[in-house]
Amino acid sequence: GAVVSQHPSWVICKSGTSVKIECRSLDFQATTMFWYRQFPKQSLMLMATSNEGSKATYEQGVEKDKFLINHASLTLSTLTVTSAHPEDSSFYICSAEARNTGELFFGEGSRLTVL
Amino acid sequence: AQSVTQPDIHITVSEGASLELRCNYSYGATPYLFWYVQSPGQGLQLLLKYFSGDTLVQGIKGFEAEFKRSQSSFNLRKPSVHWSDAAEYFCAVGVDAGGTSYGKLTFGQGTILTVHP
């Protein structure tokens, strides 16, 4: 089946630094990618929708200047957490919508810990 | 606004027993409904989906789900659970879905399944 790869799988950073998480569709083209955040023992909350070549659409309450999303190609979207703080520690998951079928495939997630 | 409720946070069953995970949704339009499974260290895997047509949907790994519009439910069932089914299960509704596009997914809180030998 289709594969979506996230990198890094886990990252620890100091407060105030920025962290970039990559989401790649390995064997299909993705016109749309979605970024979710999952707190422990909670559900996935949609943060933003990114379309290739255009600005991301953020959900209500998500700071666009803090969570920078870039979708430069049909196989890559990146999420940059800027000036990270401990409250940004979470599990970030991306999903990619296959261009030709509309199916959604999920990455394995990236765990961010901010010290 | 759309929402998905999974009333059971944690369910424990014995291996070989039957399973039903509950899901209720609230959505103003015709719902696209999904069940995903999440195992530690792995991404969400689609078990099955309902877009239209037959309200009893068959999925992978022996799972099935039934869409009941009158009850706004989409419960997941399996007749005989295997130890490898232990995982967390999420029900979701697709917002602005259409054709083959899933749309943006709104997830329920998840149900953790524990399987006793």
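Residues numbered from 1 in each chain as written. Chains lettered and ligands numbered in written order. Predicted model: local features only at pLDDT ≥ 70, side-chain atom pairs only at ≥ 80, totals over all residues. Heavy atoms only, no water.

**Points about the state of the cysteines**
Going by this rule: Throughout, a disulfide means two cysteine sulfur atoms within 2.5 Å of one another. Each helix corresponds to a stretch of at least 4 residues labelled H or I by DSSP, and each strand to a stretch of at least 2 residues labelled E; elements are numbered beginning at the N terminus. Exposure is judged per residue with a 1.4 Å probe applied to protein chains only, and the accessible area is read against the type maximum: over 50% gives exposed, under 20% gives buried, and values in between give partly exposed.
Applying the stated criterion across every chain, the model contains two disulfides over all chains. Disulfide pairing is shown between Cys23 of chain A and Cys94 of chain A; the S-S distance is 1.9 Å. Here the S-S torsion is close to 80°, and the disulfide linking Cys23 of chain A with Cys94 of chain A is therefore right-handed. Within this pair, whereas Cys23 of chain A is found in strand β3 (residues 19–25), its partner Cys94 of chain A is found in strand β9 (residues 90–98), the two being separated by 71 residues in sequence. A relative accessible area of 0% places Cys23 of chain A in the buried class. Between the sulfur atoms of Cys23 of chain B and its disulfide mate Cys91 of chain B the distance is 1.9 Å.

**Comments concerning the interface of chain A and chain B**
Definition in use: In this analysis, two residues are considered to be in contact whenever any of their non-hydrogen atoms come within 4.5 Å of each other. The term buried area means the drop in 1.4 Å probe accessible area that two parts suffer when joined, counted for both and summed. Should a side-chain nitrogen of Lys or Arg be within 4 Å of a carboxyl oxygen of Asp or Glu, the pair is scored as a salt bridge. Here a polar contact means two N or O atoms within 3.5 Å. Within protein one must be a hydrogen donor candidate and the other an acceptor candidate, and residues neighboring in sequence count only if both atoms are side-chain atoms. In the scheme used here, Gly and all other residues not listed as nonpolar or charged are polar, with Ala, Val, Leu, Ile, Met, Phe, Trp, Tyr, Cys and Pro taken as nonpolar and Asp, Glu, Lys and Arg as charged.
Counting residues at the interface gives 19 residues for chain A and 16 residues for chain B. Note on chain A versus chain B: buried area summed over both sides is about 1300 Å², and carbon and sulfur give 55% of it. The largest per-residue losses of area from chain A upon contact with chain B belong to Ser43, Leu104 and Phe106 of chain A, which jointly make up 32% of the total buried on that side. Applying the counting criterion to the chain A and chain B interface returns one salt bridge. One can count five residue pairs in polar contact (both at pLDDT 80 or more) joining chain A with chain B. Sorting the residues of the side of chain A that touches chain B by element identifies β4 (30–38), β5 (44–51), β9 and β10 (104–106) of chain A as the ones contributing at least two each. Its residues placed into classes, the side of chain A that touches chain B shows eight nonpolar, seven polar and four charged.

**Looking at the packing of aromatic side chains**
How we decide: Two rings from Phe, Tyr or Trp (for Trp, the six-membered ring) form a pair when their centres sit within 6.5 Å of each other. Planes less than 30 degrees apart are called stacked, planes more than 60 degrees apart edge-to-face, and all others tilted.
Tallied over the entire structure, the rule returns 17 aromatic pairs over all chains. With a centroid separation of 6.0 Å and an interplanar angle of 40°, the aromatic rings of Tyr36 of chain A and Phe106 of chain A are classed as tilted. Taken together, the positions of Tyr36 of chain A in strand β4 and Phe106 of chain A in strand β10 put the pair 70 residues apart, joining distant regions of the chain. Considered together, Tyr36 of chain A and Phe106 of chain A belong to a single accessibility category, that of buried residues. Seen from their ring centres, Phe34 of chain B and Tyr102 of chain B are 4.7 Å apart, and the 35° between their planes marks the pair as tilted. With Phe34 of chain B in strand β5 (residues 32–38) and Tyr102 of chain B in the loop between β10 (87–95) and β11 (104–107), this residue pair connects regions lying 68 residues apart in the sequence.

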